[in-house]
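Commentary on secondary and tertiary structure
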Amino acid sequence: MSTSDSTSSTLENSAAGTGAPAAVTKNNVSLRFAGDRAYVCLDRPDKHNGLTLDMLRELVRVAGVVEQRKDIRAVILTGNGPSFSSGLDIAKAMGDPVAIVRGFIPLPWRGTNLFQEACWAWRRLPQPVIAAVHGRCYGGGLQIALAADFRFVTPDAEFAVMEAKHGLIPDMTGAATLSRLIGLDQALLLTMTADPVDAAYAERIGLVTEVHADPIAAAERLADRIAGRPAHTVASAKRLFDRSWEATIRRTLAIERATQLPLIVRQALSRGTK
């Protein structure tokens, strides 16, 4: 059994036989609360958790639910099946161009559109968010993982900013997170080439926090350590560092949208002429 298979099995069996509350799944996103933890799982395993518009909306909704739970001290974000997420299911998304346009319009009080908020909602939470990643972590899936506070990954996990292969750019907050986490040159390298990189390389450039054979167990251990600190201190620390980003984040996200829009139009027109 591969590391990815083992991680997926751990996820599926994590509540079995423990008396833990069952996960509630809606629109291929599951949510489970156990003790002081929230477990959020991308649950479209037959498609490597390819993201649909409904999944993006559900991620935003679930983040809002978690935010209201003052007893929750940490969030662990995972993907069911062979991969964390292969990114946006472009074929399915393009089947509803009106919804794409609506999703692209930013909400003025947030400064994000649907695609961006599905990621940035996790950055907004006062609780630390830990992504446990295995298998493919591509495109929009990578941008969700990057919006977490920490990323623990399996040795065989693979990462890619895939948008360039489709004539697009990373527009789900990737412009904000990539350059801040790994620096401008590495962000450009990953974005321009769309080349996949392995876990060891990702750890070396700072794309991920740590590599572990069992990233879920590693996430649990970190959550235990953080839970030993006062909740208000943890929330304040997260807010402090996030606010240092937010001085320019709205402008960065606006630039993302302005740059992506003509590329989407170009892609739509090219599809229409085929």
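Residues numbered from 1 in each chain as written. Predicted model: local features only at pLDDT ≥ 70, side-chain atom pairs only at ≥ 80, totals over all residues. Heavy atoms only, no water.

Bringing the overall build of the chain into the picture now. Helix and strand counts for the chain stand at 11 helices and 10 strands. For 274 residues, the compact-globule estimate of 2.2 N^0.38 gives 19 Å, and the chain sits close to it at 18 Å. Projected onto its principal axes, the C-alpha positions of the chain cover 55 × 45 × 35 Å. Burial analysis of the chain (274 residues in total) assigns 50% to the buried set. Partitioning the contacts of the chain with sequence separation of at least 6, the portion at a separation of at least 24 is 73%. Roughly 12500 Å² of accessible area belongs to the chain as shown, and the carbon and sulfur atoms make up 57% of that amount. (Helix = DSSP H or I, 4+ residues; strand = E, 2+ residues; numbered from the N terminus. Rg over C-alpha atoms; globule rule 2.2 N^0.38 Å. Buried < 20%, exposed > 50% of the residue type's maximum accessible area, 1.4 Å probe, protein only. Contact = heavy atoms within 4.5 Å. Areas by Shrake-Rupley, 256 points an atom, 1.4 Å probe, with all protein chains shown as cover.)

For the rest of this paragraph, the subject is the packing of aromatic side chains. Applying the stated criterion across every chain yields a total of zero aromatic pairs. If you follow Arg32 out to its NZ or CZ, it ends over the ring of Tyr39, 4.3 Å from the centre. Lying across the ring of Trp120, Arg123 places its NZ or CZ 5.7 Å from the centre. (Phe/Tyr/Trp six-rings, centres within 6.5 Å; stacked < 30°, edge-to-face > 60°. Lys NZ or Arg CZ within 6 Å of the ring centre and 35° of its normal.)

What tends to happen in soluble globular proteins is that the nonpolar side chains get buried as a cluster. Ranked by size, the top nonpolar core spans 54 residues in total, and within it Val40, Val66, Trp122, Val133, Phe159 and Leu207 carry the most contacts. Among the nonpolar cores identified, the runner-up in size contains 12 residues, and Ile76, Ala219, Ile226 and Val234 belong to it. (Core = buried A, V, L, I, M, F, W, Y, C linked by side-chain atoms within 4.5 Å.)

Here the focus is the state of the cysteines. What we call a disulfide is simply a covalent bond connecting the sulfur atoms of a pair of cysteines. With the rule as written, the count across this model stands at zero disulfides. No disulfide involves Cys119; its sulfur sits 10 Å from that of Cys137, the nearest cysteine. The class for Cys119 is buried, based on a relative accessible area of 0%. (Disulfide = S-S within 2.5 Å.)

In terms of burial, strand S3 (residues 37-42) is largely enclosed, as six of its six residues are buried. Side chains Arg37, Tyr39 and Cys41 of S3 all project onto a buried face; the interleaved residues Ala38, Val40 and Leu42 project onto the opposite face, where all are buried too. Counting the residues in the hairpin turn of strand S2 (residues 29-34) and S3 gives two residues, including Gly35, whose phi is positive at 60°. Note: S3 against strand S4 (residues 74-79), six bridges, orientation parallel. Within S4, the position partnered with Arg37 by the bridge is Ala74. Regarding topology, helix H2 (residues 53-68) serves as the crossover connection from S3 to the parallel S4, and that connection is right-handed. (Pairing = 2+ DSSP bridges. Right-handed = clockwise from strand over helix to strand, strands pointing away.)

So, on to the environment of Phe152. Note on placement: Phe152 falls in strand S7 (residues 150-153). Classification of Phe152 by relative accessible area gives buried; the value is 4%.

Another aspect to go through is the pairing of strand S5 (residues 129-133). Summarising burial for S5: five of the five residues are buried, a large majority. Taking every second residue as pointing to the same face, both faces of S5 are buried, with Val129, Ala131 and Val133 on one and Ile130 and Ala132 on the other. Here S4 pairs with S5 via three bridges, running parallel. Across the sheet, residue Val75 finds its bridge partner in S5, namely Val129. Where S5 lies against S7, four bridges are found, and the strand directions are parallel. Bridged to Ala132 within S7 is Phe152.

Here seven strands make up an open sheet; going across it, the order is S1-S2-S3-S4-S5-S7-S10 and the pairing mixed. The sheet terminates laterally at strand S1 (24-26) and strand S10 (210-211), the two strands that pair on one side only.

Below, the discussion takes up a nonpolar patch on the surface. Together, Leu184, Leu188 and Met192 line one region of the surface with nonpolar side chains, adding up to about 340 Å² of accessible area. Among the structural elements, Met192 can be located in helix H8 (residues 184-193). Judged by relative accessible area, Met192 falls into the exposed class, the value being 64%. (Patch = residues over 30% accessible without salt bridge, like charges linked within 9 Å, V, L, I, M, F, W, Y side chains within 5 Å. Salt bridge = Lys/Arg side-chain N within 4 Å of Asp/Glu carboxyl O.)

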